[in-house]
Amino acid sequence: MEKIRVGFVGLGIMGRPMAGHLLRAGFPLTVFNRTRAKAEELGREGAVVVDSPQEVGTASDVTITMVSDTPDVEQVVAGPQGILEGIKPGSLVVDMSTVSPELERRLQQKLREKGCDLLDAPVSGGDVGARHATLAIMVGGDRAAFERVLPILEVMGNTITYCGPVGSGQLTKLCNQILVSVNLLAVCEALVFARKNGLDPLTMIDAVSGGAASSWQLVNLGPKVAKRDFQPGFMVDLMQKDLRLVLETATANPTPLPATALVQQLFKSVQIQGLGREGTQALAKALEALAGI
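A word on the packing of helix H1 (residues 15–24) against helix H7 (residues 143–156)
Part 1 of the reasoning: Two elements in contact, H1 and H7, have axes whose closest approach is 8 Å; the angle formed by their N-to-C orientations is 120°. In the crossing of H1 with H7, the sense of the turn from one axis to the other is right-handed. Of the residues in H7, those in contact with Met18, His21 and Leu22 of H1 are Ile152, Val155 and Met156.
Part 2 of the reasoning: Here the contact of H1 with H7 is composed, by residue class, of five nonpolar, one polar and no charged.

Written as structure tokens, this is what we have:
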């Protein structure tokens, strides 16, 4: 049986390894990235490198987008030389970015006018999950379209959940970001408390990570804070973009989110220090400043 032709637009920290897994799984792959050098790396491994999202859409049965923010998705799908200008009837777009649920619904309408469809499929797991193909993938859209692309998604992740109609994947991801950010705040508070009271942070993490307090944020980011490693697996600026989407959605459908609002403000103080491109574990720096560390 002939392999599905896959396109990939956006080869950043997450997209580059995700696309690499698809290539190594044997899917014919066409790629575009705004900075062409990142695409050329995959070109040397066998991908076809093109000059626009439009060309990706023309060459592909399924086109995946993995870009930074809502305007970026709208641009690569519906802008000049966007995927919509090249896509063929019967094709699918799978947006794996984290963006506005409302945008996904609008883009689905535009794609359906072309005889195509859209799935929103944001991911969780950071650069580690992208590199090791262990991402959690949350999918919204037509159920039959989901079943069609499941073999592709299984190459990039190991927890793949159908969440409902278009937009449901994004809404689920926003729930994920509430959980991630508020839990990270708890991790950073515990680390500051440990330091202020003379505990070795790494010993504290070892002691509590085998019990009820354990979490992905504690085990993966806690040691980075203790070792003063603020390299990004997921940048503060991108988390702030996600929290903006959470709070906008909560405003549109009135939902009080006091802890989310607090952590968003603390991340803002990190950005004001010029640290927006550091990893989200830099949240600890805001709390350290408050504690006089």
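Focus: helix H9 (residues 201–208)
Part 1 of the reasoning: Among the residues making up H9, those that are buried are Pro201, Met204 and Ile205. The arc that holds the buried residues of H9, viewed along the axis, is 100°, so those residues lie on one side. Opposite the buried face of H9, by more than 90 degrees, sit the exposed residues Asp206 and Ala207.
Part 2 of the reasoning: In the core, the buried residues of H9 are packed alongside helix H8 (168–196) and helix H10 (216–226).

With respect to the pattern of salt bridges
Part 1 of the reasoning: For the structure on display, the rule yields 17 salt bridges.
Part 2 of the reasoning: Its salt-bridge partner being arginine 228, residue glutamate 288 comes within 2.9 Å of it at the nearest N-O pair. One end of the pair, glutamate 288, is in helix H13 (residues 283–291); the other, arginine 228, is in the loop between H10 and helix H11 (236–252), with 60 residues separating them in the sequence.
Part 3 of the reasoning: By relative accessible area, glutamate 288 is classed as buried at 6%.
Part 4 of the reasoning: Since its relative accessible area comes to 39%, arginine 228 is described here as partly exposed.
Part 5 of the reasoning: A salt bridge links arginine 244 to glutamate 248; the nearest nitrogen and oxygen atoms lie 3.4 Å apart. Separated by four residues within a single helix, arginine 244 and glutamate 248 lie in helix H11, roughly one turn from each other.
Part 6 of the reasoning: Among the ionic contacts, a cluster of salt bridges with common partners joins Arg16, Arg24, Glu41 and Glu45.

A closer look at the packing of aromatic side chains
Part 1 of the reasoning: Under the criterion given, the structure shown has one aromatic pair.
Part 2 of the reasoning: Ring centres of phenylalanine 146 and tyrosine 162 lie 5.3 Å apart, and the angle between their planes is 45°; on these two criteria the pair is classed as tilted. Placement of phenylalanine 146 in helix H7 and of tyrosine 162 in strand S9 (residues 157–164) is noted, with a sequence separation of 16 residues between them.
Part 3 of the reasoning: Over the ring of phenylalanine 27 we find lysine 3, and its NZ or CZ is 4.4 Å from the ring centre.
Part 4 of the reasoning: Positioned over the ring face of phenylalanine 230 is lysine 285, at 4.2 Å from the centre of the ring.

Brief notes about the side chain of glutamine 170
Part 1 of the reasoning: Topologically, glutamine 170 is positioned in helix H8.
Part 2 of the reasoning: At 2.7 Å, the side chain of glutamine 170 forms a polar contact with the side chain of glutamate 104.
Part 3 of the reasoning: The residues touching glutamine 170, leaving out its near neighbours within four places in the chain, are Asp95, Ser97, Thr98, Val99, Pro101, Glu104, Asp120 and Pro122.

Cut-off values and rules
Residues numbered from 1 in each chain as written. Predicted model: local features only at pLDDT ≥ 70, side-chain atom pairs only at ≥ 80, totals over all residues. Heavy atoms only, no water. Axes fitted to C-alpha atoms, helices over the stretch in contact; angles between N-to-C directions. Helix = DSSP H or I, 4+ residues; strand = E, 2+ residues; numbered from the N terminus. Left-handed = near helix turned anticlockwise from the far one by under 90°. Contact = heavy atoms within 4.5 Å. Nonpolar A, V, L, I, M, F, W, Y, C, P; charged D, E, K, R; others polar. Buried < 20%, exposed > 50% of the residue type's maximum accessible area, 1.4 Å probe, protein only. Arc of directions from axis to C-beta. Salt bridge = Lys/Arg side-chain N within 4 Å of Asp/Glu carboxyl O. Phe/Tyr/Trp six-rings, centres within 6.5 Å; stacked < 30°, edge-to-face > 60°. Lys NZ or Arg CZ within 6 Å of the ring centre and 35° of its normal. Polar contact = N/O pair within 3.5 Å; in protein donor to acceptor, adjacent residues only side chain to side chain.

Just geometry here; none of it tells us what the structure is for.
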